Amino acid sequence: MKKIAFASGKGGAGKTTISMSFHKYIKDVSVFADCDVDAADAFLLLEKEILQKEPFHSGFKYSINETNCIQCGECIASCIYNAIKKSDKHYIDEFACEGCGACEDVCQCNAIFSKSNHCGELFIAETIFNSRMVYARLVPGEDNSGKLVHEVKKVAHQQVLESGKEFLIIDSPPGIGCPLMAAISGVNLLVIIIECSQSGFKDAVRLMDVAGKMKIPFITVLNKSGLNPDIDQNIEQYLQAEKKHLTGKIPFDEEFVRILNRKELIIDSEILSGNLEDIFLKIKNIITLEK
Amino acid sequence: MNNISIAFASGKGGTGKTSLAANFAKYLSQDKNVLLSDLDVEEPNVNIFFPDNHKPLKSNMSTINIPEVDKVKCTYCGECAKKCNFNAIAVFKDRISIFNELCKGCGRCFNVCKTGAIHLKKTEIGKVNEYSNESLAITEGVLNTGDIHTKSLITDVKNYKHCEINIYDCPPGTTCPMVESILDADFVVLVTEPTPFGLHDLSLAIEVVQKLQKRFGIIINKSNDNDFIVEEYCAQNGFQVIEKIPFDRDIAKKCGRGEFYYNDDSYSSKMQKIYDHIKGAMI
Amino acid sequence: MKTAIPSSEDKKTVCEHFGRARYFAVIESGENEFKFIDNEINLNATQGAGIQTSTALINEGVTAVLSPHIGPKAFDVLKSGNVKMYLLTETDLTLEDALKKFTNGELSEMEGFKK
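Here is a short report on the structure shown in this document. (Residues numbered from 1 in each chain as written. Chains lettered and ligands numbered in written order. Predicted model: local features only at pLDDT ≥ 70, side-chain atom pairs only at ≥ 80, totals over all residues.)

### Looking at the nonpolar core
Residues and elements named next belong to chain B.
- Core analysis: the largest hydrophobic core is formed by 102 residues, its most contacted members being Ala7, Phe8, Leu36, Ile167 and Leu190.
- Among the elements that line this core, the one with the most residues is helix H1 (residues 17-28), at seven residues.
- Among residues more than four places away in sequence, those in contact with Leu36 are Ala21, Ala22, Ala25, Val46, Leu136, Ile138 and Ile167. (Core = buried A, V, L, I, M, F, W, Y, C linked by C-beta atoms within 7 Å. Buried ≥ 20, exposed ≤ 12 C-beta atoms within 10 Å, placed from the backbone. Helix = DSSP H or I, 4+ residues; strand = E, 2+ residues; numbered from the N terminus. Contact = placed C-beta atoms within 7 Å.)

### Concerning the packing of helix H1 (residues 15-25) of chain A against helix H10 (residues 270-289) of chain A
Residue and element names in this part refer to chain A.
- Look at H1 against H10: their axes get within 11 Å of each other, and the N-to-C directions meet at 75 degrees. The pairing of H1 with H10 is recorded here as roughly perpendicular in orientation. The segment H1 lies against H10, with Ser21, Phe22 and Tyr25 engaging Leu276, Glu277, Phe280 and Ile283.
- Of the residues assigned to the contact of H1 with H10, the class counts are five nonpolar, one polar and one charged. (Axes fitted to C-alpha atoms, helices over the stretch in contact; angles between N-to-C directions. Parallel < 35°, antiparallel > 145°, perpendicular 65-115°, else oblique. Nonpolar A, V, L, I, M, F, W, Y, C, P; charged D, E, K, R; others polar.)

### Considerations on the interface of chain B and chain A
- On the chain A side, the residues contacting the 25 residues of chain B number 20 residues.
- The biggest single contributor to the side of chain B that touches chain A is helix H6 (residues 196-211) of chain B, with seven residues.
- Residue composition of the side of chain B that touches chain A, grouped by class: ten nonpolar, nine polar and six charged.

### Digging into the sheet that holds strand S5 (residues 84-87) of chain C
Residue and element names in this part refer to chain C.
- Overall, mixed pairing links the five strands, which are arranged S3-S2-S1-S4-S5 in an open sheet. Looking at the sheet topology across the chains shown, the edges are occupied by strand S3 (35-38) and S5. With strand direction ignored, the average angle separating the axes of adjacent strands in the sheet is 25 degrees.
- Both strand S2 (residues 23-28) and S3 contribute to a ladder of four bridges, which runs antiparallel. Residue Phe24 lies in a different strand from S3, and its bridge partner there is Ile37. (Pairing = 2+ DSSP bridges.)

What follows is the structure, given as structure tokens:
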């Protein structure tokens, strides 16, 4: 099995749009894992039917057992988040609770207990082109974590093995923190989508630094090029100077937005598909050569 | 009506929530005492609408309590590390390290240390800046680069609220920072765009505000021929679209330059309508 | 020398996530069988899994770790515990092959992360 991740450092650079199209390009031999759990929206376009759904837990939340509680209120001062409140009885506001457990230490009557925190659901689904995808949805108010990304990746990995496919395509979360590292760890190839803007470039450079440290082979694709030729030129000069591989450029085109509003993939667009298929073919050739 | 808080939120970035909040605040401040708070502390940009305010009137440090260890008193028993639910403390052999970026300042380690080796030290996570633009007061939270204590800073920015009308510009998304921002709001304005993705993000945001049992209303920004995408959904579920702000090249230009549009005729009546709606909902 | 490798649930292949490996395969030099340390406690951590995994390995007396990736915080802990870290660049290796690469001197030491 070969794993290929798409990442950009910055949100909104187009990595989901591009990775979904890449999935369609090799749909018969790949599984798609949406690890951008904060903003998992690939399913809006790809999903045909949910095959399996399971709850996902992470961290802790605390509650008060009313039978044991003597309403002494000792715990209130221990909570710096002001999560312990009183109406007629004391209770813990689950939205304010950070799960630290300081209240548990001061409770004299064992009335405070922890439970693992239900933070979302993980889905295995069939896509509109009959491939498999794995994604997760967070309970509102919960955050993505390395743990959740790891879980999505693990289940997707299993799907690749079970269905006898060759590739796992990973749509990574933004940023360069733990969720991103969990997404790109152990991949055979990372495709860095660089948005041709000042901030897109800055974030991509940070990402290239992380990938370099992790010794992950990567290539770059410029997206939304042509809007600011001077920025494009800066980026290309940088890549050349740093000897980073530039695989292709996707020009800015309003067709992008129109296609998405029709809930279609950019590879389906007559205007955009030619250039995109050239880039995808190159990516496929590169990953086939990676050990 | 005294001291109400109105939060402007959206399921995802790029809906125009900040420009709407700024225009609404500026409009109301013509005859009311208004505070606009920028709670999008990782990317605060309410300020671009108030370019005259380069320097804050006051800049206050925002802190959380992070443990420090007295290595003479520490017996390396490991109790603090065991009790830390955030895994921010590593104890092994005769070493102890604290990872500030994982610490959430709860103080549990301090409480459980039997030898008094831990003391809590105020550590800066960012700033709360105060500005004023004529009759409008503005506060903004600015998180230090690389810091992750977003929630603590949002809470802190709200400690500065003092006006008759407090308007929050919330962080995008539906994760923890957004929830923290609307937790004490009396009314939540959800700003959306008429696209399939906008609708999806809106439905997630509605899930949050309903869970928190907040009063809310929807504004369609960049309204165009596709409004039905949002309107049909709202009609089916009994949600109210308070107002629509049309997609207009002039408005887009003004927003991009950080200029107001509230005083254009058709828009000031829209601002008034939004306010009347919220006032009506409060009774 | 005591060497540890993050292991998947099957106890046969290398796990690519250091802090969230289900087990650690540990072996003393001179021995020929892996002993497995259970790391389940860190599987459920929202954050800091790598840090606590590292302290557990140090307390176990581990002196070398072979892994496809180690996060910056875990890296710091292991380093301060004088544990040497070696990079596994190939994916989907078996534990045996990973160890063989190490004993053959094919692995290079990991670099730290810039703060």
